[in-house]
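Architecture and fold: a report
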Amino acid sequence: MTSANGNAALEGTLLAVKDLGVEIPGGLQVVTDVSLSVGRGEVVGVVGESGSGKSLTLKAIAGLLPRGVTVSAGQIAVEGTDVARASSRELRRLRGGVVGMVFQEPMTALNPTMRIGRQIAESVKAHAQVSNKQAGAKAIELLGEMGFKDPRHSADLFPHELSGGMRQRVVIAIALAGDPSLLLCDEPTTALDATVTMKVLDLILGLSAERNIGVVLVSHDLGVASRVCDRLVVMYGGRMVEEGPADEVLRRPHHPYTFALLRAVPTKDSSIDDLKAIPGAPPAAGEAGPGCPFVPRCAFAEEACGQRVESIAVGPRRISACRRQELFPDLVEAAK
Ligand SMILES: Nc1ncnc2c1ncn2[C@@H]1O[C@H](COP(=O)(O)OP(=O)(O)O)[C@@H](O)[C@H]1O
Ligand SMILES: [Mg+2]
């Protein structure tokens, strides 16, 4: 079977991104060769410092790139539909109906003047032919699923009457109103404190299991991603530098950037003095050349690293973009 656009290679998976390139105005390439796939029930984390291209990758998947920012290479297929080439009608069906989105700042996603039950109900009505009454009942049901103790009462509240964590739960309810099979979350907990972060992450994890939906969780915080993700994609300078099962990537990183990120994550045994910031700064938009973007900050770089990025399979669904990747597992052992 092939999809409408005839791309058989992208069939069968909930989300399949292949060799994605994204350009900003001026022709600067800010995302290069990103490939990832997400199945139902799977939680995939995309991690990396600010500016590494995580949000633009997610927006490209949602068909929501800002004006002037374009997909310059590769394919994105959601349930076999090529997002970059979809008609506006197909895109409308995908957004909300197949793909739900949760972004960082819940307040900007909510209407401050509308009761939350009504906002969720509007989203239900946007995706299904139901009466106001049915939509209202579904909104209350969703609030219950999001952990609101008295959803009937909560439905009548305005966003400013809720805590940050509760607002983010409302945003998640809105994203789920069309029963999507894929949930895209961009830094969903960045505005929240540590305890609330854990609760929201547990909610997302539970949704993935109970509703059998695929989740892409973008975070600059490796600690957040490692808590809930089955697989991790590590991005740097617009490129994927490493990918694999989360526990393996964390236990045996095969890229110096992942290794450096890991050393910067606090563990319950580490004191604040143990936190080692990565020296230097990531490349600015479009600054990265053809070689590995981490070279200027890498203590292990050789001349060849600046010329071409090697993507090396280091196991099943396990990739490192470091040509010296064999160095790092032993370094991790030595650092323990
Ligand atoms: N609308 C835009 N116009 C121009 N440049 C942008 C735009 N959005 C993002 N960028 C640039 O693209 C790069 C990747 O951004 P982004 O995907 O937001 O990174 P992240 O989410 O990992 O912090 C950054 O250098 C950023 O400055
Ligand atoms: Mg971002």
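These remarks concern the structure in this document. Since we're looking at a predicted model, the values are computed, not measured.

Here we look at the overall build of the protein
Scanning the protein for helices and strands turns up 12 helices and 12 strands. Its C-alpha atoms give the protein a radius of gyration of 21 Å, within 12% of the compact-globule value 20 Å for 336 residues. With the principal axes as the frame, the protein shows a C-alpha extent of 65 × 50 × 35 Å. The buried share of the protein, taken over its 336 residues, is 42%. Nonlocal contacts in the protein, meaning residues at least 24 apart in sequence, comprise 64% of its contacts between residues at least 6 apart.

Regarding the site of ligand 1
Around ligand 1 there are 13 residues in total, and Val 30, Lys 54, Ser 55, Leu 56 and Ala 285 lie nearest to it. Considering every element that reaches the shell around ligand 1, the biggest residue donor is helix α1 (residues 54-62), with three residues. Tallied by class, residues from the shell around ligand 1 come to six nonpolar, six polar and one charged.

Examining unusual backbone geometry
For residues besides glycine, phi is generally negative; the peptide bonds are generally trans as well. Notably, Asp 33 is not glycine yet its phi reads approximately 55°, a positive angle. Locating Asp 33 in the fold gives a position in strand β2 (residues 28-38). By the C-beta count within 10 Å, which is 17 here, Asp 33 ends up partly exposed. The backbone of Arg 317 shows a phi angle near 50°, a positive value even though the residue is not glycine. Tracing the sequence through the fold places Arg 317 in the loop between β11 (312-315) and β12 (318-320). Taking the number of C-beta atoms within 10 Å as the measure of exposure, Arg 317 has 11 and is therefore exposed.

Description of the environment of Arg 167
Within the secondary structure, Arg 167 sits in helix α7 (residues 164-176). Along the backbone, Arg 167 and Glu 243 are 76 residues apart, and their C-alpha atoms lie at a distance of 32 Å. In this structure, Arg 167 is in contact with Pro 106, Met 107, Leu 110, Pro 159 and Leu 162, ignoring residues within four places of it in sequence.

A few points about the pairing of strand β1 (residues 15-24)
Within a regular strand, side chains alternate between the sheet's two faces. Across seven bridges, the pairing between β1 and strand β4 (residues 70-78) is antiparallel. From the neighbouring strand, Gly 21 faces β4, where its bridge partner is Ala 73. Direction of pairing for β1 relative to β2: antiparallel, over a ladder of seven bridges. For Val 22, the partnering residue across the bridge sits in β2 and is Val 31.

Cut-offs applied
Residues numbered from 1 in each chain as written. Chains lettered and ligands numbered in written order. Predicted model: local features only at pLDDT ≥ 70, side-chain atom pairs only at ≥ 80, totals over all residues. Helix = DSSP H or I, 4+ residues; strand = E, 2+ residues; numbered from the N terminus. Rg over C-alpha atoms; globule rule 2.2 N^0.38 Å. Buried ≥ 20, exposed ≤ 12 C-beta atoms within 10 Å, placed from the backbone. Contact = placed C-beta atoms within 7 Å. Near = placed C-beta within 6 Å. Nonpolar A, V, L, I, M, F, W, Y, C, P; charged D, E, K, R; others polar. Pairing = 2+ DSSP bridges.

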